[in-house]
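Okay, here's what each chain looks like letter by letter:
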Amino acid sequence: MSRVLKAMAATAAVLAMSLTLTATPAHATPPNIPSYSTAVSRLAALTVAAESHGSTYNRDLFPHWITITGTCNAREQVLKRDGVGVVVNSSCAATSGSWYSPYDGATWTNAADVDIDHMVPLSEAWASGAWAWTTPQRQTYANDLGGPELWAVTDNVNQSKGDKDPAEWQPSLSSFRCTYARAWIQVKWYYNLSVDSAEKSALNGMLATC
């Protein structure tokens, strides 16, 4: 669990840094997406195991969209981080801006059309090892701004993905599948989560597009 504890410290550092940011780069992406070669190495290092404890999953076990700073919660922080020209009100709700969804290539100007996707879904994390974590560790995971876990994407695309892994769902924008696989692998590796055999095979196939 040492990586999970490190994640808690890393996330806190990233959040502190975010307080000083005044500009958002166009079409920003989450941090710490590994290179192709690093992703290949980290995928090979992951434990391959069947998923377990799926029947005991409860989304409430992952406290998410916690307040990060001021009135802004984790979801609102991602909207500010990844959008362009984002303006928020006193409640930190985005009132204007634009967001590019890398999963399907669409751009939206209404925050209501954008969901914040957990790259590795909460239920997938649970069945891959998070069932053994503490609630604070799961809260850190669900609100992690320090790695490539949270993505601003088209709402119905996120809903279509649901809790599926890469063997069951991949972005319709094929040019993004390399990045998607590298981000997925990073999250699994950083949090010491397992992969099942079909998932690993699918990830290898996605890496082959890099």
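Cut-offs applied
- Residues numbered from 1 in each chain as written.
- Predicted model: local features only at pLDDT ≥ 70, side-chain atom pairs only at ≥ 80, totals over all residues.
- Heavy atoms only, no water.
- Buried < 20%, exposed > 50% of the residue type's maximum accessible area, 1.4 Å probe, protein only.
- Helix = DSSP H or I, 4+ residues; strand = E, 2+ residues; numbered from the N terminus.
- Polar contact = N/O pair within 3.5 Å; in protein donor to acceptor, adjacent residues only side chain to side chain.
- Salt bridge = Lys/Arg side-chain N within 4 Å of Asp/Glu carboxyl O.
- Axes fitted to C-alpha atoms, helices over the stretch in contact; angles between N-to-C directions.
- Parallel < 35°, antiparallel > 145°, perpendicular 65-115°, else oblique.
- Left-handed = near helix turned anticlockwise from the far one by under 90°.
- Contact = heavy atoms within 4.5 Å.
- Nonpolar A, V, L, I, M, F, W, Y, C, P; charged D, E, K, R; others polar.
- Pairing = 2+ DSSP bridges.

Counting buried positions along helix H3 (residues 74-82) yields seven of nine residues, so the element is predominantly enclosed. By the burial criterion, the buried members of H3 are Ala74, Glu76, Gln77, Val78, Leu79, Arg81 and Asp82. Backbone nitrogen of Arg75 and a side-chain oxygen of the N-cap are separated by 3.1 Å at the start of H3; the cap is Asn73.

Now for the pattern of salt bridges. Inspection of the entire model under this criterion finds four salt bridges. A salt bridge links Arg81 to Asp82; its shortest N-O distance comes to 2.7 Å. In this structure, Lys161 and Asp117 form a salt bridge, with 2.8 Å as the shortest nitrogen-oxygen distance. Of the two residues, Lys161 sits in helix H6 (residues 155-161) while Asp117 sits in strand S6 (residues 114-118), which places them 44 residues apart along the sequence. For Asp117, a relative accessible area of 3% gives the class buried.

Helix packing geometry: the angle between the two helix axes and the distance between the axes. Between helix H7 (residues 177-190) and helix H8 (residues 197-207), the least distance of the axes is 8 Å, while the angle of their chain directions is 135°. Comparing the axis directions of H7 and H8 gives the class oblique. As for the relative orientation of H7 and H8, their crossing is left-handed in sense. Between H7 and H8, the residues in contact are Arg177, Cys178, Tyr180, Ala181, Arg182, Trp184, Ile185 and Lys188 and Glu199, Leu203, Met206 and Leu207, respectively. Looking at the contact of H7 with H8 residue by residue, the class counts come to eight nonpolar, no polar and four charged.

With that out of the way, let us pick up the sheet that holds strand S3 (residues 84-88). Across a sheet, strands are paired by hydrogen bonds formed along the backbone, either parallel or antiparallel in direction. The antiparallel open sheet is built from three strands, whose spatial order is S3-S4-S5. Here the strands that pair on one side only, and so sit at the sheet edges, are S3 and strand S5 (106-108). Geometrically, the sheet is characterised by an average inter-axis angle of 20° between neighbouring strands, direction not taken into account. Two strands pair when backbone bridges link them, and strand S4 (residues 94-101) and S5 are joined in this way by three bridges, in the antiparallel orientation. Residue pairing for S5: Ser101 is matched across the bridge by Ala106. The strands that H3 touches are S3 and S4; relative to S3, the one it contacts most, it runs at about 145°.

Here we take up the environment of Glu168. Looking at the secondary structure, you find Glu168 in the loop between H6 and H7. Relative accessible area serves as the criterion here: at 53%, Glu168 is assigned to the exposed category.

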